Amino acid sequence: MTGVSNYDLAGKRVFVAGHRGMVGSALVRRLASENCTVLIADRRELDLTKEEPTLRWLEANRPEVVVHAAAKVGGIAANNNFPVEFLCDNLEVELNVIRASHTIGVQRLLFLGSSCIYPKYAKQPIAESELLTGPLEPTNEWYAIAKIAGLKMCQAYRRQYGDDFISVMPTNLYGRGDNYHPDHSHVPAALIRRFHEAKLAKAPTVTVWGTGTPLREFLNVDDFADACIFLLKNYSSDLPINVGSGNELTIADFAAAVAEVVGYEGKLLFDTSKPDGTPRKLLDSSRIRALGWRANTSLRSGLASAYEDFLKGYGRHLEVPAAS
Ligand code: GDP
């Protein structure tokens, strides 16, 4: 069932579910250069955790394409602390969006997964075939189980009804529109904020969570949005497809890169009482590369634009919610 499709987005109505998130907003920016109509709905207008209203909204707005970027997301601590939301909210939204997309007969649906769906000790770099070959990383298994369920829903609808639903697995993302919550964010946003505040306070040290030894691959969210549009046009298969940058480094090296971009010159300390998470998470992105796509933003320039974006919204980032 692996195939290269030739889908034309021109003139199509494309619904981006989750347009306020980092990925959703990057998709809306990227879709602006396609000749299509982008549909979005504010949370007040549409609550995707509610089945009936979701179906009614889709029936009324009739998208031909749905990009499912709506999810409850967060870093290692948020995942650990809010297992119910990460599992149940994500499952609810997936069921509602995917099922309603089938009911109204959308032509294409792209479901966003995550590299954490793969086993903790998956063979590196992680090929799509590693899915469900071993136990998950416990710090984010709630989110991972929900994402695995979503990709299985896409496979099930394809198998039973021939729906052209695809699943895309991004590596660790960063960039414009990230969530800068000090405790619940992912490492890029957490460190941009911490180093910036340490620079302003002229603090001699900054604490980075864990040992600094875990390896992570980082992909700029605008590159990822570009990959999603590429896949909508060029990929049709029941197999999920990985999207990475190949840009892998230790958390210690990543922290040093963030400090440099932010202009923080103090010392980095490592708090080993905080979890490291999975030791390594490098995606094997050879399948999307074979189709002709690759990332083109360097880590340095991507971090610089993320920092610029953070500075623009700095006042807003300080008003952090108690739980995100
Ligand atoms: P993960 O890839 O699912 O583990 O997601 P994260 O982005 O939350 O964490 C990546 C790695 O960065 C883990 O090893 C964390 O321990 C480490 N890390 C270092 N400092 C921080 C921080 O301030 N916040 C977060 N979220 N992670 C941090």
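On a predicted model such as this, the values are computed, not experimentally measured, just so you know.

Draft legend 1. Looking closely at the packing of aromatic side chains. Applying the stated rule across the entire model yields 8 aromatic pairs. Taking the centre distance of 4.5 Å and the plane angle of 40° together, the rings of phenylalanine 15 and tryptophan 57 count as tilted. With phenylalanine 15 in strand S1 (residues 13-17) and tryptophan 57 in helix H2 (residues 51-61), this pair connects stretches of sequence that are 42 residues apart. Accessibility assignment for this pair places phenylalanine 15 and tryptophan 57 in one class, buried. Positioned over the ring face of tyrosine 7 is lysine 12, at 4.3 Å from the centre of the ring. Positioned over the ring face of tyrosine 7 is arginine 108, at 5.7 Å from the centre of the ring.

Draft legend 2. View of the sheet that holds strand S2 (residues 37-39). Spatial strand order, S2-S1-S3-S4-S5-S9: 6 strands in an open sheet with parallel pairing. Every other strand in the sheet has two partners, leaving S2 and strand S9 (241-243) as the edge strands with one partner each. Each neighbouring strand pair of the sheet contributes to a mean axis angle of 25°, computed without reference to strand direction. Where strand S5 (residues 165-170) lies against S9, 3 bridges are found, and the strand directions are parallel. When the sheet's bridge partners are listed, methionine 169 is paired in S9 with asparagine 242. Here helix H7 (residues 221-234) sits on the sheet in contact with strand S3 (65-68), strand S4 (108-112), S5 and S9, set at roughly 145° to S4.

Draft legend 3. Local environment of the confidence of the model for the protein chain. Here the protein chain averages 94 in pLDDT, and 96% of its residues register 70 or above. In this model, residues 320-324 is a region of pLDDT below 50 whose contacts with residues beyond four sequence positions or in other chains number 13 contacts.

Draft legend 4. A look at the site of the ligand. Looking at the ligand, there are 17 residues lining it, with Val187, Arg194, Arg216, Pro275 and Asp276 nearest. Protein contact buries 97% of the 530 Å² of open area that the ligand shows by itself. Within the residue set of the shell around the ligand, elements represented by two or more residues are helix H6 (187-201) and strand S7 (205-209). A per-class count over the shell around the ligand returns 8 nonpolar, 5 polar and 4 charged.

Draft legend 5. Summary view of the packing of helix H4 (residues 83-104) against helix H5 (residues 141-161). Packing of H4 against H5 brings their axes to within 8 Å, and their N-to-C directions diverge by 15°. Of the possible angle classes, the one that applies to H4 and H5 is roughly parallel. Read as a crossing pair, H4 and H5 show a hand that is right-handed. Each of Pro83, Phe86, Leu87, Asn90, Leu91, Glu94, Leu95, Ile98, Arg99 and His102 in H4 lies in contact with H5, whose residues at this interface are Trp142, Tyr143, Ile145, Ala146, Lys147, Ala149, Gly150, Met153, Cys154, Tyr157 and Tyr161. Of the residues belonging to the contact of H4 with H5, the class tally is 15 nonpolar, 3 polar and 3 charged.

Draft legend 6. Layout of the environment of aspartate 309. Within the secondary structure, aspartate 309 is located in helix H10 (residues 299-312). By relative accessible area, which is 16% here, aspartate 309 ends up buried.

Draft legend 7. Seen up close, the nonpolar core. Membership of the largest hydrophobic core comes to 38 residues, with the highest contact counts inside it found for Phe15, Ile98, Leu109 and Tyr118. Broken down by element, the residue count for this core peaks at 7 residues, all from H5. When residues no more than four places from it in sequence are discounted, the contact partners of tyrosine 118 are Ile126, Ala127, Glu128, Glu130, Leu131, Leu136, Met169, Asn242 and Leu283. Membership of the second largest hydrophobic core comes to 33 residues, among which are Leu9, Ala225, Leu232 and Tyr235.

Draft legend 8. Looking closely at the pairing of S3. Residue alternation in S3 divides its side chains into two sets, Val65 and Val67 and Val66 and His68, and both sets are buried. Here 4 bridges tie S1 to S3, and the two strands are oriented parallel to one another. Bridging from a neighbouring strand, alanine 17 pairs with histidine 68 of S3. Across 4 bridges, S3 lies against S4 in parallel orientation.

Draft legend 9. Layout of the packing of H6 against helix H8 (residues 251-262). Their axes nearest at 9 Å, the elements H6 and H8 cross at an angle of 45°. Taken together, H6 and H8 sit at an angle that is classed as oblique. Note that H6 runs across H8; the crossing there is right-handed. Residue-level inspection shows Val187, Pro188, Leu191, Ile192, Phe195, His196 and Lys199 of H6 in contact with H8, the latter providing Ile251, Phe254, Ala255, Val258, Ala259 and Val262. Looking at the contact of H6 with H8 residue by residue, the class counts come to 11 nonpolar, 1 polar and 1 charged.

Draft legend 10. Focus on the pairing of S7. Burial of S7 is one-sided: the residues Val206 and Val208 facing one way are buried, the residues Thr205, Thr207 and Trp209 facing the other way are not. Relative to strand S11 (residues 267-271), S7 runs parallel, the two being bridged by 5 bridges. For threonine 207, the partnering residue across the bridge sits in S11 and is leucine 269.

Draft legend 11. Examining helix H1 (residues 22-31) more closely. Burial analysis of H1 places 8 of its 10 residues in the buried class, the great majority of the element. Taken together, the buried positions of H1 are Met22, Val23, Gly24, Ser25, Ala26, Leu27, Arg30 and Leu31. Against the buried residues of H1 lie S1, S2, S3, S4, strand S6 (172-174) and H7.

Basis of the calculations
Residues numbered from 1 in each chain as written. Predicted model: local features only at pLDDT ≥ 70, side-chain atom pairs only at ≥ 80, totals over all residues. Heavy atoms only, no water. Phe/Tyr/Trp six-rings, centres within 6.5 Å; stacked < 30°, edge-to-face > 60°. Helix = DSSP H or I, 4+ residues; strand = E, 2+ residues; numbered from the N terminus. Buried < 20%, exposed > 50% of the residue type's maximum accessible area, 1.4 Å probe, protein only. Lys NZ or Arg CZ within 6 Å of the ring centre and 35° of its normal. Pairing = 2+ DSSP bridges. Axes fitted to C-alpha atoms, helices over the stretch in contact; angles between N-to-C directions. Contact = heavy atoms within 4.5 Å. pLDDT = per-residue confidence, 0-100. Near = heavy atom within 4 Å. Areas by Shrake-Rupley, 256 points an atom, 1.4 Å probe, with all protein chains shown as cover. Nonpolar A, V, L, I, M, F, W, Y, C, P; charged D, E, K, R; others polar. Parallel < 35°, antiparallel > 145°, perpendicular 65-115°, else oblique. Left-handed = near helix turned anticlockwise from the far one by under 90°. Core = buried A, V, L, I, M, F, W, Y, C linked by side-chain atoms within 4.5 Å.

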